[in-house]
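# Reading the structure
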Amino acid sequence: MGVLVKNEEEKTSLQERITADLRARAAESSKQEDVDLVKDSEFLSGTRPTTRGSWFWGVLALLALLSLVVIFALK
């Protein structure tokens with residue numbers, strides 16, 4: 001069974017303090033620092049975009065998944 005709660009009920013002082021604390025923590029954690037795109041560019045140096053042969057890896061993964069399904073289905 002569940003408990004029915006009406007929206008009209010007032011919050012207790014403990015619930016209000018907890019809600020205020022959670023809002024303060026959420027606001028503090030959502031602050032973003034300056035984005036340094038130079039570090040990102042250094043991280044991506046030496047990489048290359050996906051080539052035309054990437055479909056091969058997708059087909060290979062699909063075949064591996066299909067073989068696992070067949071192995072466990074016939075067991």
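Up top you'll find the structure we're talking about.
The model shown is predicted, which means the values in this text are computed figures rather than measured ones. (Residues numbered from 1 in each chain as written. Predicted model: local features only at pLDDT ≥ 70, side-chain atom pairs only at ≥ 80, totals over all residues. Heavy atoms only, no water.)

## A look at the overall build of the protein chain
To keep things clear, this is the line we draw: Each helix corresponds to a stretch of at least 4 residues labelled H or I by DSSP, and each strand to a stretch of at least 2 residues labelled E; elements are numbered beginning at the N terminus. Burial classes: relative accessible area under 20% of the type maximum marks a residue as buried, over 50% as exposed, and values in between as partly exposed (1.4 Å probe, protein chains only). Here the accessible surface of atoms and residues is derived via Shrake-Rupley with a 1.4 Å probe, and residues count as covered only by protein chains that are part of the display.
If you tally the helices and strands in the protein chain, you get three helices and zero strands. Each helix and strand of the protein chain, ordered N terminal to C terminal, gives the series α-α-α. For the protein chain, buried positions account for 0% of its 75 residues. Carbon and sulfur atoms provide 61% of the accessible area of the protein chain, an area that totals close to 8200 Å².

## Some details on the packing of aromatic side chains
This is how it is decided: Each pair of aromatic rings taken from Phe, Tyr and Trp, with Trp reduced to its six-membered ring, is defined by centres within 6.5 Å and is described as stacked if the planes are under 30 degrees apart, edge-to-face if over 60, and tilted in the remaining cases.
Inspection of every chain in the model, using the stated rule, returns two aromatic pairs. Summarising the aromatic geometry, the rings of Trp55 and Phe56 are spaced 6.5 Å apart at their centres and angled 90° between planes, so their arrangement reads as edge-to-face. Between Phe56 and Trp57, the aromatic rings sit 5.4 Å apart at their centres with planes inclined by 75°, giving edge-to-face as the arrangement. We classify Phe56 as partly exposed; its relative accessible area is 42%. An aromatic cluster is built from Trp55, Phe56 and Trp57, whose rings are joined through pairwise contacts.

## Structural notes on a nonpolar patch on the surface
The condition that has to hold: Exposure above 30% relative accessible area and the absence of a salt bridge qualify a residue for a patch, where like charges join within 9 Å and nonpolar side chains (Val, Leu, Ile, Met, Phe, Trp, Tyr) within 5 Å. Any Lys or Arg side-chain nitrogen found within 4 Å of a carboxyl oxygen on Asp or Glu counts as a salt bridge.
A cluster of nonpolar side chains, contributed by Trp55, Phe56, Trp57, Val59, Leu60, Leu63, Leu66, Val70 and Leu74, occupies part of the molecular surface with about 990 Å² of accessible area. Looking at the secondary structure, you find Leu74 in helix α3 (residues 54–74).

## Digging into the pattern of salt bridges
The full count for this structure, using the stated rule, is one salt bridge. Two residues, Asp21 and Arg25, come together in a salt bridge whose shortest N-O distance is 3.5 Å. Of the two residues, Asp21 and Arg25 both sit in helix α1 (residues 13–29), four residues apart, roughly one turn of that helix. Judged by relative accessible area, Asp21 falls into the partly exposed class, the value being 36%. Judged by its relative accessible area of 54%, Arg25 falls in the exposed class.

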